[in-house]
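# Coordinate analysis (summary)
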Amino acid sequence: MSAPGRGGVDGQATDTGTVGPPGQASSPQAGGPEAPAPGATKDQAGADPTSVGRAVAVGVRDALLPVVRLIDALGAHVILCVKALSWLPRRPLRLVNYLEAAEYIGVGSLPIILLVGTFTGAVMCLQSVFAFRQFGLESMAGGVTGLALATELAPVLGSLMLAGRAGSGIATEIGTMRISEQIDALESMAVNPIQFLILPRLVAGTFMAPVLTLLFFIVGMGGAYIVAVLSQGVDHGQFVASAKDLIEFIDVVQGLLKSCVFGFVLVLIGCYQGYHATGGGRGVGLGTTRAVVIASVTVLILDYILSNILLVVLPN
């Protein structure tokens, strides 16, 4: 009778692992780290190249998404503009719609245009007088103020005021008609809503914006005269002479041409946001906010572009 072996019974040794076929290592204990299979590559043992490529693609897509949305929105505005202008030579004309739109955009915006124009010219002239007085050239304040008003301040600030007042009102009005299904009712009565609602406002905005810009310039020069001559003691003759020497007709024309483009664009943006409003009252509010913000930014961007073009096409 043989003696028991060490660590086992009847001469058989025990092992913590599972005994496998000859020539193969025993498997690790349960719960231990799993060793990579023989012949496994580094990519298989570490990061998956497919998931890395997918993450890179998602990152690139997210980075380019704002650009795609911008191009898509720009194309949608152009399509709406083309559809509206295509109805211009068609009947019925509906002159009453054009007159009502001109009254809302032009006459309704007069108070804020006159107020902002007066104080813009006044503060511009005040700063000019104090700056030029150091060199004994305070008489040039009238010409400098008039040139700034004619080429930049009147068209830009006037259009910004128009975007805040008329652009927001147009977006709210058309947006309310959209969510209350009044636009659908027009279509059911065989009335094209683009011809009935959008085209008159585009035409009115294009023609009324230069008129408001001209009034802005006039009252701005009036405010500048009051500050320079009556408040700061600048000679009347020198103020008028400097204005005549520096301000040319072509400068006023540049401002009027800018305001035509600004008026058309800001009304188009307001019409687009209202026409495509969704989501009830909250959607109308968001559309109105977007109309004011987008129109204001667009006016400033277009001002730089048009200034570069007009300074070459219409030099002094």
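Counting restarts for each chain, with residues numbered from 1 along the sequence as it is written. In view of the model being predicted, local features appear only for residues whose pLDDT reaches at least 70, and side-chain atom pairs are presented and counted only at 80 or more, with totals across whole chains, interfaces and linings using the full set of residues. As a rule here, side-chain values cover all heavy atoms of the structure and leave hydrogens and water aside.

## Observations regarding the overall build of the protein chain
Within the protein chain one finds 10 helices and 0 strands. Looking at the protein chain as a whole, 36% of its 316 residues qualify as buried. Every residue pair with non-hydrogen atoms within 4.5 Å of one another is taken to be in contact. Looking at the protein chain alone, contacts between residues at least 24 apart form 83% of all its contacts between residues at least 6 apart. Element-wise, carbon and sulfur atoms account for 67% of the exposed surface of the protein chain, whose accessible area totals about 18400 Å². Numbering goes from the N terminus for both helices and strands, where a helix is a DSSP run of H or I of at least four residues and a strand is a run of E of at least two. Between buried and exposed lies partly exposed: a residue is buried under 20% and exposed over 50% of the maximum accessible area for its type, with that area taken using a 1.4 Å probe on protein chains only. Computed by Shrake-Rupley with a 1.4 Å probe, the accessible areas treat only the displayed protein chains as cover when residues are assessed.

## A look at the packing of aromatic side chains
Note on aromatic pairs: the rings of Phe, Tyr and Trp (six-membered ring only in Trp) are paired at centre separations within 6.5 Å, and the planes decide the class, stacked below 30 degrees, edge-to-face beyond 60, tilted for the rest. Counting across every chain of the model gives 1 aromatic pair. Summarising the aromatic geometry, the rings of Tyr225 and Phe239 are spaced 5.5 Å apart at their centres and angled 80° between planes, so their arrangement reads as edge-to-face. Of the two residues, Tyr225 sits in helix H7 (residues 193-231) while Phe239 sits in helix H8 (residues 236-246), which places them 14 residues apart along the sequence. The class for Tyr225 is partly exposed, based on a relative accessible area of 28%.

## Section: the pattern of salt bridges
Within this document, salt bridges are pairs made up of a side-chain nitrogen of Lys or Arg and a carboxyl oxygen of Asp or Glu, the two lying within 4 Å of each other. Evaluated as defined, the whole model comprises 5 salt bridges. Among the charged side chains, a salt-bridge network with shared partners connects Glu152, Lys258 and Asp303.

## What to know about the confidence of the model for the protein chain
pLDDT is a per-residue confidence score from the predictor, ranging from 0 to 100. Predicted confidence across the protein chain gives a mean pLDDT of 86, with 84% of residues reaching 70 or more. Mean pLDDT across the elements of the protein chain ranges from a minimum in helix H1 (residues 42-45), with 47, to a maximum in helix H9 (residues 249-275), with 96. Between residues 1-33, whose pLDDT stays under 50, and residues either more than four places distant or in other chains, the model counts 10 contacts. This stretch, residues 39-45, has a pLDDT under 50; its non-local contacts, to residues over four places away or in other chains, come to 2 contacts.

## Points about the side chain of Ser109
Locating Ser109 in the fold gives a position in the loop between helix H3 (95-105) and helix H4 (110-132). Among all residues touching Ser109, those that are not within four sequence positions of it are Tyr104, Leu162, Arg165, Ala166 and Leu212.

## Observations regarding a nonpolar patch on the surface
Exposure above 30% relative accessible area and the lack of any salt bridge qualify a residue for a patch; like charges then connect within 9 Å, and the nonpolar side chains Val, Leu, Ile, Met, Phe, Trp and Tyr within 5 Å. The grouping of Val293, Val297, Ile301, Tyr304, Ile305, Ile309, Val312 and Val313 at the surface amounts to a nonpolar patch, some 780 Å² of accessible area in total. Counting through the fold element by element, Ile309 comes out in helix H10 (residues 280-313). Assessed through its relative accessible area of 43%, Ile309 is described here as partly exposed.

## A few points about the packing of H3 against H7
One can describe the packing of H3 onto H7 by two numbers: an axis separation of 8 Å at closest approach and a directional angle of 45°. Of the possible angle classes, the one that applies to H3 and H7 is oblique. Note that H3 runs across H7; the crossing there is right-handed. Between H3 and H7, the contacting residues are Asn97, Tyr98, Ala101, Ala102 and Ile105 on the first element and Phe196, Leu199, Pro200, Arg201, Val203, Ala204, Gly205, Met208 and Leu212 on the second. Note on geometry: axes are C-alpha line fits, over the in-contact stretch for helices, and angles between N-to-C directions span 0 to 180 degrees. Our angle categories are set so that under 35 degrees counts as roughly parallel, over 145 as roughly antiparallel, 65 to 115 as roughly perpendicular, and the remainder as oblique. Each crossing is labelled by how the near helix is turned from the far one, with a counterclockwise turn of less than a right angle marking it left-handed and a clockwise turn marking it right-handed.

## Re the packing of helix H2 (residues 49-86) against H7
The N-to-C vectors of H2 and H7 enclose an angle of 95°; their axes lie 9 Å apart at closest approach. With respect to H7, the axis of H2 lies roughly perpendicular. For the pair H2 and H7, contact is made by Leu80, Lys83, Ala84 and Leu85 and by Ile194, Ile198, Leu199 and Leu202, respectively. When residues are grouped by polarity, Ala, Val, Leu, Ile, Met, Phe, Trp, Tyr, Cys and Pro land in nonpolar, Asp, Glu, Lys and Arg in charged, and all others, Gly among them, in polar. Of the residues belonging to the contact of H2 with H7, the class tally is 7 nonpolar, no polar and 1 charged.

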